[in-house]
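# Summary of structural features
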Amino acid sequence: MAVNEWINGYLEAILDSGAASIEEQKPSSVNLREGGHFNPTKYFVEEVVTGVDETDLHRTWIKVVATRNARERSSRLENMCWRIWHLARKKKQLEWEEFQRLTNRRWEREQGRMDATEDLSEDLSEGEKGDTVGEMIQSEAPMKKYQRNFSNLEVWSDDNKGKKLYIVLISLHGLVRGDNMELGRDSDTGGQVKYVVELARALATMPGVYRVDLFTRQVSSPDVDWSYGEPTEMLTPGPEDEEENDVGESSGAYIIRIPFGSRDKYLRKELLWPHIQEFVDGALSHILNMSKVLGEQIGGGQPIWPYVIHGHYADAGDSAALLSGALNVPMVLTGHSLGRNKLEQLLKQGRQSKEDINSTYKIMRRIEAEELSLDAAELVITSTKQEIEEQWGLYDGFDVKLEKVLRARTRRGVSCHGRHMPRMVVIPPGMDFSNVVVQEDTPEADGELAALFGADGSSPRAVPPIWSEVMRFFTNPHKPMILALSRPDPKKNITTLLKAFGECRPLRDLANLTLIMGNRDDIDEMSSGNANVLTTVLKLIDKYDLYGIVAYPKHHKQSDVPEIYHLAAKTKGVFINPALVEPFGLTLIEAAAHGLPMVATKNGGPVDIHRALNNGLLVDPHDQQAIADALLKLVSEKNLWHECRKNGWKNIHLFSWPEHCRTYLTRVAACRMRHPQWKTDTPMDDMAAEESLGDSLKDVQDMSLRLSVDGEKSSFNGSLENDPAELEKVAAVQGDPEVQDQVKRILSKIKKPLSDPHKTEYGNKHPENVANKYPLLRRRRRLIVIALDCYNCNGVADSKMLQTVQEIFKAVRSDSQISRFSGFAFSTAMPVSETIDFLKLGRIQVTEFDALICSSGSEVYYPGVYREDDGKLYPDPDYTSHIDYRWGCEGLKKTIWKLMNSQESRGDKSHNSSSPIEEDVKSSISHCISYLMKDSSKAMRVDDLRQKLRMRGLRCHPMYCRNSTRMQIVPLLASRSQALRCRPPFLK
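Residues numbered from 1 in each chain as written. Predicted model: local features only at pLDDT ≥ 70, side-chain atom pairs only at ≥ 80, totals over all residues. Heavy atoms only, no water.

Our focus in this paragraph is the overall build of the protein chain. A count of helices and strands for the protein chain gives 35 helices and 24 strands. Considering only contacts within the protein chain whose residues lie at least 6 apart along the sequence, 74% involve residues at least 24 apart. Counting only carbon and sulfur atoms, one obtains 49% of the accessible surface of the protein chain, whose full area is about 43300 Å². (Helix = DSSP H or I, 4+ residues; strand = E, 2+ residues; numbered from the N terminus. Contact = heavy atoms within 4.5 Å. Areas by Shrake-Rupley, 256 points an atom, 1.4 Å probe, with all protein chains shown as cover.)

So, in structure tokens, the structure goes:
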């Protein structure tokens, strides 16, 4: 509040009215009325707290100032104070709720860590326990230098030239293209877009990398440039070999745009969540086709599968997790910015409730996507240690201490019982320094600036246009330039910098200040936060009379940024980043590359950058005097300036793209060594789920977020939303008009069930599909999936559904165009034995189906292929091996039993209450733990159970199914929707 000029004016106006001084008014409790009159001064000083929503109050204050009548003015002041009181009370209430939530969370995390440590310590000897603790302590020792520890790792080198890798990067939101990036166009098109494009280009030039695909969203909208609608864009061609021959027509780096969501609209990232599944299917199809193409070019006819799938941000992480699970390829994640961190910051402001924040930012969906990404990721790349400890440390799926315990056990070859924590590594973002021209410190260079503007008597030379745009603000353009480059965001703390500059007379006399604050046409048309910052900047310039020494140009291009750095370096200036918190600070590295010493915030990434470069000073961003002193020190002490400049140049190679990519590939190679090298289960290419019954698509609709219910409407997960419109989208196979027409034709031919489900249109006999050596599934172009999720109160499948299944058979086979290349799959939560018995009730033979997906996706059967001599089915062994990844069956059983029977989890105060669950031995198999729900009122919400399991390092999918009479837990890579994406080995 103290930084707002109107609040200061309000306080001064009250004090000028003759009220008692603040020092005299410090009672233990505030008496709002003295002598029957309201005392606004005392109330304001004693009770009003910072952080209230000031926008509306500002308008009221303007009215108060304009009021001439003393009584009316006093009344308005009183009303305004009461409004502030209500806002302050609301803020305190939100703070208390957040404090309670964080306290409960800390307790849950500590309890989870204790449970995991207790379970893990059972098979360690005392000596091993002591050694593990010693390793943990050693690993926590601070590093004196910004260094990369590659002990026991083989650093990526030219020896890998013959590998010919295929790498997949994913960045979904924003407008992504290779040239003329529209950075700053909106909040989704910023630094991440530039980073992923440059990363793709840089990786494609590394030895051993053949092709890099950067996946993003295709946008064919009149509101954006036509280039964003192009399905493919080449970023860089593949390198030539030693004989200068092209290594292949498909080599290089490419942007691959996948259409998903509304084709003709540009959607902000918060609106992309319902369409993630559509993107996954489109990306999967491209990867399959590209793998075959690469196999023909460089793989000797064998497909070349991706070496790694790397998701950037939560939405891409969600997608990468699904693709990684379908392809059995290691997943890497870069968060860029994190949802939990943003949620906590917004809650601390006290302006919005958690529900309002979620409505605006879809923050809970984003957080769950990040949690799912942690479940699937082998490696998480961060920019700083602070990001690991203070941001990722907020998540259920990552615990620094437990991760160290698990890592120590892995080194010793001791089982972790299915527990997993992703490896977190610090790899600072790379930079392209190829266009940076190093200006040496010579007398000729010192006189060059004067020559450029004709100060030495010669004719002015041609200068870059942005130089002229900046220089027009200055009375004396030859003074050292203090440069700040950021969005006009309150978090960037530009106003504090301007105050520090304006109130330091020696600094004003010695230097100019340039503020590059994005692009603007009209401040009134900008968002309220940015507009308020710019308005305050203009007022401060006027207040301190900084005309002629502060530049604030309205427009600049991305290509102008290097020239701006160059100009500041020529004037022997300084770059400053005074942000309240800076996650990393790419601009600091860019400035150092151009020879600019830095003054930067001590909060966040600049600490690591300063440790590496040693090219400037760190300051407290809240300390106005410290900012002014640091700037004055660097500008006035030339020896220090030159030393910082040389240190920056000497160490800048640590942040180059080749160094970044070398570290990146080294870490990815290490994570692939930890990833299971099973036979790759790859997805069905041209097959899609085209039909469903009832509620069955709840699982398929959004498996990545809600696997909690496999069927019935009533569940123990109150957060599940049943949106018929969304279910209809999935059933329509998203966007293929031909398929939609075929589905409609089939549905129109399906009759209502007959009274006797045992009688069929075929009579009592059914056509048999004989198991051939080359099954019919090989020739299928379409797979019609019949998902059964209709159960009675005992969890028994409704026999009326059998007639519906028979009608689907008849409808499909009556249309020769569809039936010729169409097959059937049956998907259910029941085990295979119950499924076969159920089908027998309707005299439907198992061989009617090409595939059976049973036990909630934990088993897949191919009746025409995997059968024993006695005709008994057995599951696809490759799929079983695939989903075994990170599956700790016994550890899960023990933990779930403990959690479901704890009084805290059930909210039960009674000591004699019975267990709400009982193991369903008949339905439990090796990769599906099934429990009977004895008392649904004592059941734990699925979200809560998933959270507790994650905190203990256990990665799986819990769900309530079969009309909520069963609770099933399946492996992380298993689900009924993911089973559809995995191709059987005889189709490979």
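Turning to the confidence of the model for the protein chain, a few remarks are in order. For the protein chain, the mean per-residue pLDDT works out to 78, and 73% of the residues sit at or above 70. Confidence drops under pLDDT 50 across residues 677-735; counting only partners more than four residues distant or on other chains, this segment forms 185 contacts. Contacts for the low-pLDDT stretch residues 753-774, under 50 throughout, to residues beyond four places or in other chains number 41 contacts. (pLDDT = per-residue confidence, 0-100.)

Before going further, it helps to examine the pattern of salt bridges. What the rule picks out here adds up to 41 salt bridges. The residue K194 makes a salt bridge to E590 at a minimum N-O spacing of 3.1 Å. In this pair, K194 is assigned in helix 6 (residues 191-204) and E590 in helix 20 (residues 586-593), connecting sequence segments 396 residues apart. As far as burial versus exposure is concerned, K194 and E590 are alike and both buried. When salt bridges that share partners are traced, they join R109, E110, R113 and D399 into one network. (Salt bridge = Lys/Arg side-chain N within 4 Å of Asp/Glu carboxyl O. Buried < 20%, exposed > 50% of the residue type's maximum accessible area, 1.4 Å probe, protein only.)

A few words on the state of the cysteines. Going through the model one piece at a time under the given rule, you end up with zero disulfides. With no disulfide of its own, C889 lies closest to C928 among cysteine sulfurs, the gap being 9.5 Å. C889 gets classed as buried once you look at its relative accessible area, which sits at 16%. You can see C961 has no disulfide; the closest cysteine sulfur is in C928, sitting 7.3 Å from it. We classify C961 as buried; its relative accessible area is 1%. (Disulfide = S-S within 2.5 Å.)

With that settled, consider the side chain of Q218. For Q218, the location among the structural elements is in the loop between strand 4 (209-217) and strand 5 (232-237). We classify Q218 as buried; its relative accessible area is 15%. In this structure, Q218 is in contact with Y228, G229, E230, P231, R257, I258 and P259, ignoring residues within four places of it in sequence.

Moving on, we get to the packing of aromatic side chains. On inspection of all chains with the given rule, the structure shows ten aromatic pairs. Between F809 and F849 the ring centres are 5.4 Å apart and the planes differ by 55 degrees, which places this aromatic pair in the tilted class. In this pair, F809 sits in helix 28 (residues 800-813) while F849 sits in the loop between helix 30 (832-841) and strand 19 (851-854), placing the two residues 40 residues apart along the sequence. Grouping residues by exposure puts F809 and F849 together as buried. An aromatic cluster of at least three residues, connected via ring pairs, comprises F809, F824, F826 and F849. One Lys or Arg, R211, reaches over the ring of Y254 and ends 4.1 Å from the middle of that ring. Across from the ring centre of Y395, 5.3 Å away, lies the NZ or CZ of R340, which sits over that ring. (Phe/Tyr/Trp six-rings, centres within 6.5 Å; stacked < 30°, edge-to-face > 60°. Lys NZ or Arg CZ within 6 Å of the ring centre and 35° of its normal.)

It is worth spelling out the packing of helix 16 (residues 494-502) against helix 22 (residues 624-636) at this point. Two numbers describe how helix 16 lies on helix 22: the axes approach to 8 Å, and their chain directions differ by 65 degrees. The handedness of the crossing between helix 16 and helix 22 is right-handed. Together, T496, L497, K499 and A500 of helix 16 and Q624, I627, A628 and L631 of helix 22 make up the contact between the two elements. Among the residues forming the contact of helix 16 with helix 22, the class breakdown is five nonpolar, two polar and one charged. (Axes fitted to C-alpha atoms, helices over the stretch in contact; angles between N-to-C directions. Left-handed = near helix turned anticlockwise from the far one by under 90°. Nonpolar A, V, L, I, M, F, W, Y, C, P; charged D, E, K, R; others polar.)

For the rest of this paragraph, the subject is the pairing of strand 23 (residues 956-961). Burial of strand 23 is extensive: six of the six residues sit out of reach of the surface. Residues C956, P958 and Y960 of strand 23 are buried on one face, and the alternating residues H957, M959 and C961, pointing to the opposite face, are buried as well. As paired strands, strand 23 and strand 24 (residues 966-971) are joined by six bridges and run antiparallel to one another. Bridge assignment links H957 to a residue of strand 24, and that residue is V970. What sits between strand 23 and strand 24 in their antiparallel hairpin is a turn of four residues, with R962 showing a positive phi close to 55 degrees. (Pairing = 2+ DSSP bridges.)

In terms of nonpolar packing, the biggest core is built from 74 residues, with I482, L498, L515, V550, L631 and F655 touching the most fellow members. For V550, the residues in contact, after removing those within four places along its chain, are F473, F474, L498, F501, L513, L515 and I541. The next biggest cluster of nonpolar side chains, apart from the first, holds 61 residues, and it includes A321, L343, I363 and F398. (Core = buried A, V, L, I, M, F, W, Y, C linked by side-chain atoms within 4.5 Å.)

Turning our attention to the sheet that holds strand 22 (residues 929-933). Sheet architecture is open: four strands sit in the order 21-22-24-23, paired in antiparallel fashion. With partners counted over all chains shown, the strands left at the sheet margins are strand 21 (917-919) and strand 23, one partner each. Taking the axes of each pair of neighbouring strands and ignoring which way they run, one obtains an average angle of 25 degrees across the sheet. The strands that helix 34 (residues 942-951) touches are strand 23 and strand 24; relative to strand 23, the one it contacts most, it runs at about 160 degrees.

For the rest of this paragraph, the subject is unusual backbone geometry. Look at N493: it is not a glycine, yet its phi comes out positive at around 65 degrees. When you line up the elements, N493 lands in the loop between strand 11 (481-485) and helix 16. Here N493 falls in the buried class, since its relative accessible area comes to 6%.

Our next topic: a negative patch on the surface. A contiguous patch of negative charge on the surface is contributed by D521, D522, D524 and E525. Its location among the elements puts E525 in the loop between strand 12 (512-516) and helix 18 (528-543). (Patch = residues over 30% accessible without salt bridge, like charges linked within 9 Å, V, L, I, M, F, W, Y side chains within 5 Å. Lys, Arg positive; Asp, Glu negative; His and termini not counted. Charge placed at Lys NZ, Arg CZ, Asp CG, Glu CD.)

Turning our attention to the sheet that holds strand 14 (residues 574-577). On the basis of which strands lie adjacent, the open sheet formed by six strands has the order 13-12-11-14-15-16 and parallel pairing. Each edge of the sheet is formed by a strand with only one pairing partner; in this case those strands are strand 13 (550-551) and strand 16 (616-619). Judged from the two bridges that link them, strand 12 and strand 13 form a sheet pairing that is parallel. Within strand 13, the residue paired with L513 across the bridge is V550. Lying over the sheet, helix 19 (residues 561-570) contacts strand 11, strand 12 and strand 14, oriented at roughly 155 degrees with respect to strand 11.

This part covers the environment of E389. Relative to the helices and strands, E389 is located in helix 12 (residues 385-391). Judged by relative accessible area, E389 falls into the exposed class, the value being 53%.

This part covers helix 34. The element helix 34 is extensively covered by neighbouring structure, given that eight of its ten residues are classed as buried. Directly beyond the C-terminal end of helix 34, a positive phi value near 80 degrees is found at G953.

Here M517 shows up in the loop between strand 12 and helix 18. When its relative accessible area of 3% is taken as the criterion, M517 is described as buried.

Structurally, Q386 can be placed in helix 12. One polar contact links Q386 to Q391, side chain to side chain, over a distance of 3.2 Å. Setting aside its immediate chain neighbours within four residues, Q386 contacts Q391 and G604. (Polar contact = N/O pair within 3.5 Å; in protein donor to acceptor, adjacent residues only side chain to side chain.)

Before going further, it helps to examine the environment of P274. Checked against the element boundaries, P274 lands in the loop between strand 6 (252-258) and helix 7 (276-298). Look at P274 and you get partly exposed, because its relative accessible area is 44%. The spacing of P274 and F260 is 14 residues in sequence and 9.8 Å in space, taken between C-alpha atoms.

This part takes up the pairing of strand 3 (residues 165-170). Of all six residues making up strand 3, six are buried, and the element is well covered by its neighbours. Side chains of strand 3 alternate between two faces, with L165, I167 and L169 and Y166, V168 and I170 buried alike. Here strand 3 pairs with strand 4 via six bridges, running parallel. Looking at the pairing, I167 lines up with V212 of strand 4. For the handedness criterion, the β-α-β arrangement of strand 3, helix 6 and strand 4 is classed as right-handed. Sheet topology places strand 3 next to strand 7 (residues 308-312); four bridges connect them, and they run parallel. (Right-handed = clockwise from strand over helix to strand, strands pointing away.)

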